[in-house]
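Structural overview for review
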Protein chains: 2
Amino acid sequence: MDSCRLCKEEGGALIWSGEDCRIVQVNDPGLPGFCRVIWHQHIAEMSALNHAQRHLLMRIVVDVEEVIASAMKPVKINLASLGNQVPHLHWHIIPRYEDDPYFPDSVWSEKRRDTNEVVALKRQAMAELLPVLIREKADSWTGKDSK
Amino acid sequence: MDSCRLCKEEGGALIWSGEDCRIVQVNDPGLPGFCRVIWHQHIAEMSALNHAQRHLLMRIVVDVEEVIASAMKPVKINLASLGNQVPHLHWHIIPRYEDDPYFPDSVWSEKRRDTNEVVALKRQAMAELLPVLIREKADSWTGKDSK
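A brief report on the enclosed structure follows. Note that residues are indexed from 1 along each chain, following the sequence as it is written. By the order in which they are written, chains take letters starting at A while ligands take numbers starting at 1. This being a predicted model, a pLDDT of at least 70 is required before a residue's local features are given, and a value of 80 or more before pairs of side-chain atoms are given or counted; all residues contribute to the totals for chains, interfaces and linings. Excluding hydrogens and water, the side-chain values take into account all heavy atoms of the structure.

1. Regarding the pairing of strand β3 (residues 35-39) of chain B
All names here are of chain B.
- Burial status follows relative accessibility: with a 1.4 Å probe on protein chains alone, a residue under 20% of its type maximum counts as buried, one over 50% as exposed, and anything between as partly exposed. Numbering goes from the N terminus for both helices and strands, where a helix is a DSSP run of H or I of at least four residues and a strand is a run of E of at least two. The buried count for β3 comes to five of five residues, which makes it a mostly enclosed element.
- Along β3, one buried face is formed by Cys35, Val37 and Trp39 and the opposite face, lined by Arg36 and Ile38, is buried too.
- Strands pair, by our definition, only if DSSP identifies at least two bridges between them. In the sheet, strand β2 (residues 21-25) pairs with β3 via five bridges, with the strands oriented antiparallel. Across the sheet, the residue bridging to arginine 22 is isoleucine 38, located in β3.
- Looking at chain direction, β3 and strand β5 (residues 90-96) are connected through four bridges and run antiparallel. The partner of arginine 36 across the bridge, within β5, is histidine 92.

2. Concerning the interface of chain A and chain B
- Between two residues, a contact is recorded if the distance between any of their heavy atoms is within 4.5 Å. At the junction of the two partners, chain A supplies 33 residues and chain B supplies 33 residues.
- The term buried area refers to how much accessible surface (probe radius 1.4 Å) is lost by two components on association, counted for both of them together. It is His51(A), Lys76(A) and Asn84(A) that lose the most area in chain A upon contact with chain B, and together they represent 21% of the buried surface on that side.
- Close ionic contact of Arg54(A) with Glu66(B) constitutes a salt bridge, the shortest N to O distance being 3.7 Å.
- Distance and chemistry together define a polar contact, namely a pair of N or O atoms within 3.5 Å, with one atom able to donate a hydrogen and the other to accept it when in protein, and with adjacent residues in sequence counting only for side-chain atoms on both sides. Here chain A is connected to chain B by 26 residue pairs in polar contact (both at pLDDT 80 or more).
- For the side of chain A that touches chain B, the secondary-structure elements that each account for two or more residues are α2 (51-72), β4 (76-81) and β5 (90-96) of chain A.
- Per-element accounting of the side of chain A that touches chain B gives the leading share, nine residues, to α2(A).
- When its residues are assigned to classes, the side of chain A that touches chain B shows 13 nonpolar, 10 polar and 10 charged. When a carboxyl oxygen of Asp or Glu lies within 4 Å of a side-chain nitrogen of Lys or Arg, that pair is called a salt bridge. When residues are sorted by character, Ala, Val, Leu, Ile, Met, Phe, Trp, Tyr, Cys and Pro go into the nonpolar class, Asp, Glu, Lys and Arg into the charged class, and all the rest, Gly among them, into the polar class.

3. A closer look at the side chain of His92(A)
Residues and elements named next belong to chain A.
- Structurally, histidine 92 can be placed in strand β5.
- Here the side chain of histidine 92 touches arginine 36 through a polar contact of 3.2 Å, side chain to side chain.
- If we skip the residues at most four places from it in the chain, histidine 92 touches Phe34, Cys35, Arg36, Asn78, Leu79, Ala80 and Trp108.

4. A word on the sheet that holds β4(A)
- Taken in spatial order, the 10 strands make up an open sheet running β1(A)-β2(A)-β3(A)-β5(A)-β4(A)-β4(B)-β5(B)-β3(B)-β2(B)-β1(B), and their pairing is antiparallel. Here the strands that pair on one side only, and so sit at the sheet edges, are β1 (13-17) of chain A together with β1 (13-17) of chain B. On average, each strand axis in the sheet is tilted by 20 degrees relative to the strand beside it, whichever way the strands run.
- This element, α2(A), spans β1, β2 (21-25), β3 (35-39), β4 and β5 of chain A together with β5 of chain B of the sheet and lies at about 20 degrees to β5(A).
- Packed onto the sheet, helix α4 (residues 130-137) of chain A meets β1, β2 and β3 of chain A and runs at close to 15 degrees relative to β1(A). Fitting a line to C-alpha atoms yields each axis, with helices limited to the stretch in contact; the angle taken between N-to-C directions then spans 0 to 180 degrees.

5. Topic: the packing of aromatic side chains
- Side-chain rings of Phe, Tyr and Trp (the six-membered ring for Trp) are treated as a pair once their centres are within 6.5 Å; stacked means planes under 30 degrees apart, edge-to-face means over 60, and tilted covers the remaining angles. Within this structure, the stated rule accounts for four aromatic pairs over all chains.
- Pairing Trp91(A) with Trp91(B) gives two aromatic rings, centres 5.6 Å apart and planes at 85 degrees, and the pair type is edge-to-face. With Trp91(A) in strand β5 and Trp91(B) in strand β5, the pair connects residues from two separate chains. One exposure class covers both Trp91(A) and Trp91(B), and it is buried.
- Note on geometry: a ring has a charge over it if NZ (lysine) or CZ (arginine) is within 6 Å of the ring centre and within 35 degrees of the ring normal. The ring of Tyr97(A) carries Arg123(A) above its face, with NZ or CZ at 3.7 Å from the centroid.

Structural data, given as structure tokens:
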């Protein structure tokens, strides 16, 4: 698709890329640890995937959620596949904190505050560990589903 | 959990209830067809479920997406598990249209417009068919995963 941003670009800093999808980290200083899982093929909806593909994609999404939760200790994780502006299947995985710019609203809501700078820097430092931790999980996605 | 809305209430008009989760329709005149899949137990995150539970829940979410897409012909479907305000695992499944109140933003963003009243009423009428169509799918969730 010529006009699709996610067909032309990675969509963030590449962490891992497999046969069917890739994981990127989003550079948003207000939301450290924000990752996306992006399906390679230009497909709009989960229901356009077959059952094995849906299963694989959600397995990766929830495994990434688990890594982020364990490394970054957010108060909540948000998962979302919206795609109103870029209808190319991608999942947002966003660690949320009570002092983040939007909490308790969605990250697409109006900004309420800036996080304390030192706290934000500490979270950013933790977020920089995510690529290694996520890649450690990747072996379990490439073979057959063993669990 | 005494203070949790989704422990005390259905969370919408009940369409279907199984052993582990339920499906409700949300009464939002601006977003006809908006459904939720709510895990019965008070759990915050997908990664707190075991693999079979995650698989079942997402199978139901994507099947509901498929029914909504086929019956209501939206331009996009949004899926989201946020839970910042109610940290009890629930999925939003929201059909989106170019003339809905928020498009192309998230439904948690600022309202942009009202949908034409006749169009909204037609969509509401289609949304009233969803409970029957969704219940027809339910047999495939109660046995073992056969696909």
